[in-house]
Amino acid sequence: GNSVTQMEGPVTLSEEAFLTINCTYTATGYPSLFWYVQYPGEGLQLLLKATKADDKGSNKGFEATYRKETTSFHLEKGSVQVSDSAVYFCCAGGTSYGKLTFGQGTILTVHP
Amino acid sequence: EPEVTQTPSHQVTQMGQEVILRCVPISNHLYFYWYRQILGQKVEFLVSFYNNEISEKSEIFDDQFSVERPDGSNFTLKIRSTKLEDSAMYFCASRGGGRYEQYFGPGTRLTVT
């Protein structure tokens, strides 16, 4: 089955700093890839997705590019805000029924 | 914007008791899922449900677990005889046909004492 590995957290940044959260996957075939975000006290929200190699997903200033050659889907944002403080999950979609395999999650804290 | 809802938000039960966790998926979605997250661990897939039957399940989803879509709107997860290790946050998700992304509910925190 698929597996997803995210960089160890927690990550602590100052406002307006550049963010990278690394994510790599192993899979048979080419899974769809997703980043989900969980704000404090809330559920999982889809942040962005990419469904094939070289696709770039983007939303709310966040971006991630599906890199087949490095089996990676790193999340980036040029200038983080305090409101971006949350837990970020990298996921790979598997079978035709779409089961998701999650990374371990990365806690991001942004200070003013 | 349509959303997935789950009830209750928190359930406390005694070991050996049956619990039913309820979810209302987005109305025109076709695929339904349960995941769980034990505190401090990864979110884990439990089961997927399509066309009124289980389409895939994980090793965690043993005979103590069952799912049902009783009335075309609700989607339930039943745990017949809860164990301490069933304590976790349980997330329901749904997905539209022809789409890749899943939409998650806010979760039910299950505490087994």
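This is a predicted model, so every value here is computed, not measured. (Residues numbered from 1 in each chain as written. Chains lettered and ligands numbered in written order. Predicted model: local features only at pLDDT ≥ 70, side-chain atom pairs only at ≥ 80, totals over all residues. Heavy atoms only, no water.)

Student: In this structure, what is going on with the overall build of chain A? I would like to understand it.
Tutor: Of the regular secondary structure elements, chain A holds 0 helices and 12 strands. Its helices and strands taken in sequence order, chain A reads β-β-β-β-β-β-β-β-β-β-β-β from the N to the C terminus. Here chain A has a C-alpha radius of gyration of 13 Å; the compact-globule value for 112 residues is 13 Å, and the two agree. Expressed as lengths along the three principal axes of its C-alpha atoms, the size of chain A is roughly 40 × 25 × 20 Å. In chain A, which comprises 112 residues, the proportion classed as buried is 46%. Relative to all contacts within chain A whose residues are 6 or more apart in sequence, the contacts with residues 24 or more apart total 54%. Accessible surface, chain A: about 5200 Å² in total, of which carbon and sulfur atoms supply 49%. Where the 8 positive side-chain charges of chain A centre and where its 10 negative ones centre are 10 Å apart. (Helix = DSSP H or I, 4+ residues; strand = E, 2+ residues; numbered from the N terminus. Rg over C-alpha atoms; globule rule 2.2 N^0.38 Å. Buried < 20%, exposed > 50% of the residue type's maximum accessible area, 1.4 Å probe, protein only. Contact = heavy atoms within 4.5 Å. Areas by Shrake-Rupley, 256 points an atom, 1.4 Å probe, with all protein chains shown as cover. Lys, Arg positive; Asp, Glu negative; His and termini not counted. Charge placed at Lys NZ, Arg CZ, Asp CG, Glu CD.)

Student: For this particular structure, what's the right way to read the sheet that holds strand S9 (residues 75-77) of chain A?
Tutor: Whenever strands of a sheet pair, they do so through backbone hydrogen bonds, lying parallel or antiparallel. Residue and element names in this part refer to chain A. What the 4 strands build is an open sheet, ordered S3-S9-S8-S7; its pairing is antiparallel. With partners counted over all chains shown, the strands left at the sheet margins are strand S3 (19-21) and strand S7 (56-59), one partner each. Taking each pair of neighbouring strands and ignoring which way they run, the sheet shows an average axis angle of 15°. In the sheet, S7 pairs with strand S8 (residues 62-65) via 4 bridges, with the strands oriented antiparallel. From the neighbouring strand, Ser58 faces S8, where its bridge partner is Glu63. (Pairing = 2+ DSSP bridges. Axes fitted to C-alpha atoms, helices over the stretch in contact; angles between N-to-C directions.)

Student: Looking at this structure, I do not really get the packing of aromatic side chains. What am I missing?
Tutor: In this description, a pair of aromatic rings is defined by centroid distance and the angle of the planes. A full pass over the atoms with the stated rule returns 17 aromatic pairs over all chains. For the ring pair Phe34 of chain A and Tyr36 of chain A, a centre distance of 6.2 Å and an interplane angle of 40° mean the geometry is tilted. Relative accessible area serves as the criterion here: at 0%, Tyr36 of chain A is assigned to the buried category. Taking the ring centre of Tyr31 of chain B as reference, the NZ or CZ of Arg95 of chain B above it sits at 4.1 Å. (Phe/Tyr/Trp six-rings, centres within 6.5 Å; stacked < 30°, edge-to-face > 60°. Lys NZ or Arg CZ within 6 Å of the ring centre and 35° of its normal.)

Coordinates in, geometry out; function isn't part of it.
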